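If you want the building blocks of each chain, they are given just below.
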Amino acid sequence: MQDESNRCLRGMLTSPQNLLRILIAILALTVISQAQDITGTIRIEKKLTKRRVTPSVSVYQRGVSVDLGKDADEEPLDFERSRVVIYLEGPGPANTDPAGPAEFKIQQLNRRFSPDLLVVPVGSKVTFPNMDPIFHNIFSLSKPKSFDLGSYDKGDTREVAFPKPGIVDIYCRLHPNMAAAIVVTPNQWYARSDRTGQFRIQDVPPGKYTIVAWHRSAGFFRKSIVVEPGHDSVTNFFIPIGE
């Protein structure tokens, strides 16, 4: 019995497919052990986002009345800093998340998108459930992903996959005030800064990258960064204001 078990074990270890799996696992563990964090601060000194101008309900809505959701009261610069997405561009497979593509959600609630800013790694799926007692028609004309989900009522949902990285602007054909953005990153190394401007991208393998900061009103800002084994990296962004 022992000899048979040993033969089976030797067969498993000498199989080309199993050897390849073992090597990949060892390589993955080595990369993980050397991975470091990237931290930094987003500096914004002036308000970037223009105030929304929403027409009265009678202009574009028929049937059931749905109150328009209101913006939360918060300090303008705290709001701006929390709207910055930071991610990495560089070598490596497009999607290296071992958990595989994730699923995300943007609700249609109180004639608004919730959330109105979403960050997903490439290959992810996003569902768009309608929580309002009125029809919505979600669409995008963006180059990374264009689609039109048609009109659908409360309780229904639609799903969209995002196979390419980029910024996808989302709108509703029936409610002009509704707008959202999906940032599709090229990998799982991304973060959003908090209200103080702090961010952290965790477990980044050593290598040379471009770190990108994006704000919907200000656009893209890029820097080169080198992640070295045993050393966390720090990089900061000042997001200027176009006069």
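Residues numbered from 1 in each chain as written. Predicted model: local features only at pLDDT ≥ 70, side-chain atom pairs only at ≥ 80, totals over all residues. Heavy atoms only, no water.

### Considering the overall build of the protein
- Each helix and strand counted, the protein has four helices and 18 strands in total.
- Every one of the 243 residues in the protein was classed for burial, and the buried ones make up 38%.
- Total accessible area computed for the protein in this model is approximately 14100 Å², and 55% of it derives from carbon and sulfur atoms. (Helix = DSSP H or I, 4+ residues; strand = E, 2+ residues; numbered from the N terminus. Buried < 20%, exposed > 50% of the residue type's maximum accessible area, 1.4 Å probe, protein only. Areas by Shrake-Rupley, 256 points an atom, 1.4 Å probe, with all protein chains shown as cover.)

### Observations regarding the sheet that holds strand 3 (residues 103–105)
- Here we have three strands laid out as an open sheet, ordered 3-7-10, and mixed in their pairing. Here the strands that pair on one side only, and so sit at the sheet edges, are strand 3 and strand 10 (159–161). Between one strand axis and the next, the sheet turns through 25 degrees on average, direction left out of account.
- Summarising the sheet, strand 7 (residues 125–127) and strand 10 pair through three bridges and their orientation is antiparallel. By the bridge assignment, Lys125 is partnered in strand 10 with Ala161. (Pairing = 2+ DSSP bridges. Axes fitted to C-alpha atoms, helices over the stretch in contact; angles between N-to-C directions.)

### Things to note about the packing of aromatic side chains
- Taken as a whole and assessed by the stated rule, the structure comprises five aromatic pairs.
- A centroid spacing of 5.9 Å and a plane angle of 40 degrees characterise the contact between Phe139 and Tyr171, whose relative ring orientation is tilted. Taken as a pair, Phe139 in strand 8 (residues 136–141) and Tyr171 in strand 11 (residues 166–172) lie far apart in primary sequence, 32 residues in all.
- Given the relative accessible area of 31%, Tyr171 is considered partly exposed. (Phe/Tyr/Trp six-rings, centres within 6.5 Å; stacked < 30°, edge-to-face > 60°.)

### Describing the nonpolar core
- In this structure, Ile38, Ile42, Ile201 and Ile211 are the most contacted members of the largest nonpolar core, which totals 21 residues.
- Going through the elements one at a time, strand 1 (36–43), strand 2 (85–89), strand 14 (198–204), strand 15 (207–215) and strand 16 (219–227) are the ones with two or more residues in this core.
- Excluding its chain neighbours within four sequence positions, the residues that come into contact with Ile211 are Ile38, Ile86, Tyr87, Leu88, Phe199, Ile201, Phe221, Arg222, Lys223, Ile225, Thr235 and Phe237.
- Core analysis: the next-biggest nonpolar cluster, separate from the first, contains 20 residues, Phe113, Ile138, Phe147 and Leu149 among them. (Core = buried A, V, L, I, M, F, W, Y, C linked by side-chain atoms within 4.5 Å. Contact = heavy atoms within 4.5 Å.)

### Some words on the pattern of salt bridges
- All chains considered together, the criterion is met by seven salt bridges.
- Residue Arg43 is joined to Glu45 by a salt bridge in which the shortest nitrogen-to-oxygen separation is 2.3 Å.
- Under the relative-accessibility criterion, Arg43 is labelled partly exposed at 48%.
- When the shortest N-O distance is used, the salt bridge between Asp116 and Arg83 registers 3.0 Å. Residue Asp116 is found in the loop between strand 5 (112–114) and strand 6 (117–121), and its partner Arg83 is found in the loop between helix 4 (76–81) and strand 2; the two are separated by 33 residues along the sequence.
- Note on Asp116: relative accessible area 15%, which makes it buried. (Salt bridge = Lys/Arg side-chain N within 4 Å of Asp/Glu carboxyl O.)

### What about the environment of Pro129?
- When you line up the elements, Pro129 lands in the loop between strand 7 and strand 8.
- Residue Pro129 is classed as buried on the basis of its relative accessible area of 12%.
- Spatially, the C-alpha atoms of Pro129 and Glu159 are 8.6 Å apart, while their sequence positions differ by 30 residues.
- With sequence-adjacent residues up to four places away left out, Pro129 is seen in contact with Lys105, Ile106, Gln107, Gln108, Asp156 and Thr157.

### Side note on the pairing of strand 8
- Where burial is concerned, most of strand 8 is hidden: five out of the six residues are buried.
- In terms of strand pairing, strand 8 meets strand 9 (residues 146–152) through five bridges, oriented antiparallel. If you follow Asn137 over to strand 9, its bridge partner there is Ser151.
- Linking two consecutive strands that pair antiparallel, namely strand 8 and strand 9, is a turn of four residues.

### Considering the sheet that holds strand 12 (residues 179–185)
- Across the sheet, which stays open at both edges, the five strands sit in the order 6-12-11-8-9 with mixed pairing between neighbours. The open sheet is flanked by strand 6 and strand 9, the only strands paired with a single partner. The average undirected angle you get between the axes of adjacent strands in this sheet is 20 degrees.

### Overview of the pairing of strand 12
- The buried fraction of strand 12 amounts to six of the seven residues, a majority that puts the element mostly inside the structure.
- Of the strand pairs in this sheet, strand 6 and strand 12 are connected by five bridges, and their pairing is parallel. In the strand pairing of strand 12, Leu118 is matched with Ile182.

None of the figures reported here should be taken as evidence of function without further support.
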